[in-house]
Amino acid sequence: MTTAAAATGERTARTKPATMAQALGRALRDSMAQDPTVHVLGEDVGALGGVFRITDGLAKEFGEDRCTDTPLAEAGILGTAVGMAMYGLRPVVEMQFDAFAYPAFEQLISHVAKMRNRTAGAMPLPITVRVPYGGGIGGVEHHSDSSEAYYMATPGLHVVTPATVEDAYGLLRASIASDDPVVFMEPKRLYWSKADWSPEAPVAVEPIGRAVVRRTGRSATLITYGPSLPVCMEAAEAAVEEGWDLEVVDLRSLVPFDDETVATSVRRTGRAVVVHESSGFGGPGGEIAARITERCFHHLEAPVLRVAGFDIPYPPPMQEKHHLPGVDRVLDAVARLQWEAES
Amino acid sequence: MTVQELPGAAAYRPAPPPAWKPLTDPAPLLPDPEPYRVLGTDAVADADPELLLRLYAELVRGRRYNAQATALTKQGRLAVYPSSTGQEACEIAAALVLEERDWLFPSYRDTLAAVARGLDPVEALTLLRGDRHTGYDPRAHRIAPLCTPLATQLPHAVGLAHAARLKGDDVVALAMVGDGGTSEGDFHEALNFAAVWRAPVVFLVQNNGFAISVPLAKQTAAPSLAHKAVGYGMPGRLVDGNDAPAVHQVLGEAVARARRGEGPTLVEAVTYRMDAHTNADDATRYRVESEVEAWREHDPIRILERELTGRGLLGDEGIEEAREAADRMAAALRERMNADPVLNPMDLFAHVYEEQTAQLREQAARLRVELDAEQDQHGDEDVEERR
């Protein structure tokens, strides 16, 4: 886990180990302190501090009017947030687990994503929807979905997903500050990943929509995001023994999509594997592979491959290790990039 | 061996449960068994004659608006129009009880309420004409976009009212929904949030008998829709939805209650949709003419007109005056709606995000090329005409 974080750059003397969960909480706190219109609402976000403790201490510091325990109803949470945003507030809502967000889909798709467009720009909705997503934490049914493809398919939403402690802070700050609605996908199995970090240390907050190269290489590009970044970093290290020098691109934002960074990398390496843990069919990888093919066809030495979760409902936790793409599956795909030899 | 035979079983006595009492006394929340009425009752004596005359003029105008808009669908000037003919008393009262600073959250059938609140009649129709989703700035008029999905605007009203109260503003939100909409999950969640937060919201259910073709009896098993309020901990009020001063009074009391910080109210207005669901619907397939006839006798304009003429407040001249004013409004609307809206296809990309993404810039450039090619082929004038 620390591999990815270690690649993010130099640290100042003031930094110390922090988890992604702490960085997210700090981003909420700093946003609320800076802007009195920022309100946090959701189930259990108050006294409990959220089931993952991301909102710990906010109700105490800012009061229950700013960090509100709502009735247990996701459509109601997001629907009331729409009205709050219509009146000039900047709501940040927590959808406790990925699959719990589904009752709020109609509000998200019919209203949150479209309000700016429906009103010809008169009524933008600066809402951040925090969705802890993905598996690998042993959660039972309905606690491990990767739902990003649903959000990506909805024009009007930004879809952001950090993979490092630093990005968790920076991208959440940027999302809350954005006048557009953002679905902020939190890779929950990285909540406890650590890095040397401090919010007081200089943090260059990239605007939403820029991918970053986490590891440079010459022989192929791994394109990934969120929970699969550490897997890809580990695979890249392991591939050195096999003679592969892999580049790793962390997308950070699925919408808008950074075609430039991806295409520049793939044109240079000539080979690409897209890695994510949500299902492959109709998943983000298909879109990304198509975009790469359209832009880099003459540079490609092999088809763009996808390493994704299987096309199955998310499995029971005792079986999830077979479903989640791990280092071996990534390395296997890298081996298959020797296309000429096989065909 | 049975439990009773177990040694010592007879000696066991469960401890009494901890004390329990209901959170709220339900009795004051329950609606009266009969819809509240003003017209034809003693209550009318307390009604302000000026308000009655204003309601009358607005009802006549509203009826004419519905007729004109329906006619525009036949001429292809509107894609569709869901008429509120028969329900004008609810529409007008909803608009008139609100102060300028308050907010209205209409459904797709409530164009008339938006117009009665002061919105330009043409701006109110852009959704139904099909040139823009919302032809007005919601913030400028404090009217949310006409909402097509059922009941999804109700939580917005709750959130807005809650936010206003947090900011210390003296603002009330009034949200309109039909009888069918009360079956939706968002109706339940909105009422529940509003009651828990004591948000300054008024929910107006226009029970017009049918959700497209499905009658109320197949929609709910509740004693009335107003009775649903008690389950959320807010008062439910039942009112004759065709009795304009009654609807105005009940909504007025609910708005005042909300403004005092006493929380939300659910008002069920019992009314009837005289026209079909929209111009595209065939109401003869699901209701009989005799039922419509019975409601025609209880028409909101007819019953108010009878009251006003009977009390000598309105004569033939006044009736004629109201009709002429309505005709003038309709003629102006017809004339303006006969002009083609000016559309710019490049606007399709203008308001998806604050800043266009690289992907949208690419797509906009593609459309630009198509439009330019079209222009080259047909010449400027022809293309302008075809747009």
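Bear in mind the structure is a predicted one, so any value in this text is a computation, not a measurement.

Reading guide: rules and limits
Residues numbered from 1 in each chain as written. Chains lettered and ligands numbered in written order. Predicted model: local features only at pLDDT ≥ 70, side-chain atom pairs only at ≥ 80, totals over all residues. Heavy atoms only, no water. Helix = DSSP H or I, 4+ residues; strand = E, 2+ residues; numbered from the N terminus. Contact = heavy atoms within 4.5 Å. Areas by Shrake-Rupley, 256 points an atom, 1.4 Å probe, with all protein chains shown as cover. Lys, Arg positive; Asp, Glu negative; His and termini not counted. Charge placed at Lys NZ, Arg CZ, Asp CG, Glu CD. Axes fitted to C-alpha atoms, helices over the stretch in contact; angles between N-to-C directions. Parallel < 35°, antiparallel > 145°, perpendicular 65-115°, else oblique. Left-handed = near helix turned anticlockwise from the far one by under 90°. Pairing = 2+ DSSP bridges. Buried < 20%, exposed > 50% of the residue type's maximum accessible area, 1.4 Å probe, protein only. Right-handed = clockwise from strand over helix to strand, strands pointing away. Buried area = accessible area lost by both parts, 1.4 Å probe. Salt bridge = Lys/Arg side-chain N within 4 Å of Asp/Glu carboxyl O. Polar contact = N/O pair within 3.5 Å; in protein donor to acceptor, adjacent residues only side chain to side chain. Phe/Tyr/Trp six-rings, centres within 6.5 Å; stacked < 30°, edge-to-face > 60°. pLDDT = per-residue confidence, 0-100.

## Comments concerning the overall build of chain B
Moving on, step 1. From N to C terminus, chain B includes 13 helices and seven strands.
Moving on, step 2. Taking the principal axes of its C-alpha atoms as reference, chain B extends roughly 100 × 65 × 50 Å.
Moving on, step 3. Restricting to contacts in chain B with at least 6 residues of sequence separation, those with at least 24 account for 74%.
Moving on, step 4. Total accessible area on chain B is roughly 18,400 Å²; 51% of this is exposed by carbon and sulfur atoms.
Moving on, step 5. With 41 positive and 61 negative side-chain charges, chain B shows a spacing of 3 Å between the two charge centroids.

## Overview of the packing of helix α6 (residues 153-166) of chain B against helix α7 (residues 185-197) of chain B
All names here are of chain B.
Moving on, step 1. The interhelical angle for the contact between α6 and α7, taken along N-to-C directions, is 20°, at an axis separation of 8 Å. Our classification of the angle between α6 and α7 gives roughly parallel. As for the relative orientation of α6 and α7, their crossing is left-handed in sense. Contacts between α6 and α7 involve L154, P155, V158, H162 and R165 on the former and, on the latter, D186, F187, A190, F193, A194 and W197.

## Structural notes on the sheet that holds strand β2 (residues 173-178) of chain B
Residue and element names in this part refer to chain B.
Moving on, step 1. A sheet is described by the order of its strands in space; here five strands give the open sequence β1-β2-β3-β7-β6, paired in parallel fashion. The sheet terminates laterally at β1 (103-105) and β6 (236-240), the two strands that pair on one side only. Each strand axis lies, on average, 20° off the axis of its neighbour in the sheet, ignoring direction.
Moving on, step 2. Contacting β1, β2 and β3 (201-207), α6 runs over the sheet at an angle of about 170° to β2.
Moving on, step 3. Across the sheet, helix α9 (residues 244-259) touches β2, β3, β6 and β7 (265-270), and the angle it forms with β6 is around 160°.

## Overview of the pairing of β3(B)
Residues and elements named next belong to chain B.
Moving on, step 1. Taking burial as the measure, the seven residues of β3 include seven buried ones, the bulk of the element.
Moving on, step 2. Across six bridges, the pairing between β2 and β3 is parallel. Residue A173 lies in a different strand from β3, and its bridge partner there is V201.
Moving on, step 3. In this fold, β2 hands off to α7, which returns the chain to β3; that crossover is right-handed.
Moving on, step 4. The pairing of β3 with β7 spans six bridges and is classified as parallel. Along β7, the bridge assignment pairs F203 with L266.

## Brief notes about the interface of chain B and chain A
Moving on, step 1. Each partner contributes to the interface: chain B provides 41 residues, whereas chain A provides 48 residues.
Moving on, step 2. Buried area between chain B and chain A, both sides added, is near 3,500 Å², and the carbon and sulfur share of it is 61%.
Moving on, step 3. For the chain B face of the interface with chain A, the top three residues by lost area are H156(B), H351(B) and Y353(B), together amounting to 18%.
Moving on, step 4. Here chain B is connected to chain A by one salt bridge.
Moving on, step 5. The partner of R295(A) in a salt bridge is E362(B), with the nearest N and O atoms 3.0 Å apart.
Moving on, step 6. Remark: the boundary between chain B and chain A carries 18 residue pairs in polar contact (both at pLDDT 80 or more).
Moving on, step 7. At the level of secondary structure, the elements contributing two or more residues to the side of chain B that touches chain A comprise β1, α5 (138-141), α6, α7 and α13 (358-386) of chain B.
Moving on, step 8. Per element, the largest residue contribution to the side of chain B that touches chain A is nine residues, and it comes from α6(B).

## With respect to the sheet that holds strand β7 (residues 182-187) of chain A
All names here are of chain A.
Moving on, step 1. Read across the sheet, seven strands follow the order β3-β2-β4-β5-β7-β6-β12 without closing on themselves; strand pairing throughout is mixed. Unpaired on one side and paired on the other, β3 (67-69) and β12 (253-255) mark the two borders of the sheet. Geometrically, the sheet is characterised by an average inter-axis angle of 20° between neighbouring strands, direction not taken into account.
Moving on, step 2. In the sheet, strand β2 (residues 38-42) pairs with β3 via three bridges, with the strands oriented parallel. Paired with V40 across the bridge in β3 is C67.
Moving on, step 3. Docked against the sheet, helix α4 (residues 74-86) engages β2, β4 (90-94) and β5 (128-133), running at close to 170° with respect to β4.

## Quick word on the side chain of H248(B)
Moving on, step 1. Secondary-structure assignment places H248(B) in helix α9.
Moving on, step 2. Excluding its chain neighbours within four sequence positions, the residues that come into contact with H248(B) are L51(B), L55(B), A93(B), L96(B) and V97(B).

## With respect to the packing of aromatic side chains
All names here are of chain A.
Moving on, step 1. The final tally for this structure, using the stated rule, is 15 aromatic pairs over all chains.
Moving on, step 2. Seen in terms of ring centroids, Y102 and Y150 are 6.0 Å apart; in terms of plane orientation they differ by 75°. Their pairing is edge-to-face. In this pair, Y102 sits in the loop between β4 and α5 (105-112) while Y150 sits in helix α7 (residues 148-152), placing the two residues 48 residues apart along the sequence.
Moving on, step 3. Residue classification places Y102 among the partly exposed residues on the basis of a relative accessible area of 28%.
Moving on, step 4. Overall, the relative accessible area of 47% leaves Y150 in the partly exposed class.

## Side note on the confidence of the model for chain A
Moving on, step 1. The predicted model of chain A has a mean per-residue pLDDT of 93, with 93% of residues at 70 or higher.
Moving on, step 2. Low pLDDT, under 50, characterises residues 1-11 of chain A; the predicted model gives this stretch 19 contacts beyond four residues in sequence or across chains.

## A short note on the environment of E321(B)
Moving on, step 1. Among the structural elements, E321(B) can be located in helix α12 (residues 316-337).
Moving on, step 2. In sequence terms E321(B) and P22(B) are 299 residues apart; their C-alpha atoms lie 56 Å from each other.

## Here's the deal with unusual backbone geometry
Residue and element names in this part refer to chain A.
Moving on, step 1. Residue P256 is reached from V255 by a cis peptide bond, and omega for that bond is -5°.
Moving on, step 2. Of note, the phi angle at D44 is positive, near 75°, even though the residue is not glycine.
Moving on, step 3. By the element assignment, D44 lies in the loop between β2 and α3 (58-62).
Moving on, step 4. Even without being a glycine, R53 presents a positive backbone phi close to 65°.
Moving on, step 5. Mapped onto the fold, R53 is located in the loop between β2 and α3.

## Details of the environment of A47(A)
All names here are of chain A.
Moving on, step 1. Tracing the backbone through its elements, the reader meets A47 in the loop between β2 and α3.
Moving on, step 2. Overall, A47 belongs to the exposed group, its relative accessible area being 80%.
Moving on, step 3. Along the backbone, A47 and K60 are 13 residues apart, and their C-alpha atoms lie at a distance of 8.0 Å.

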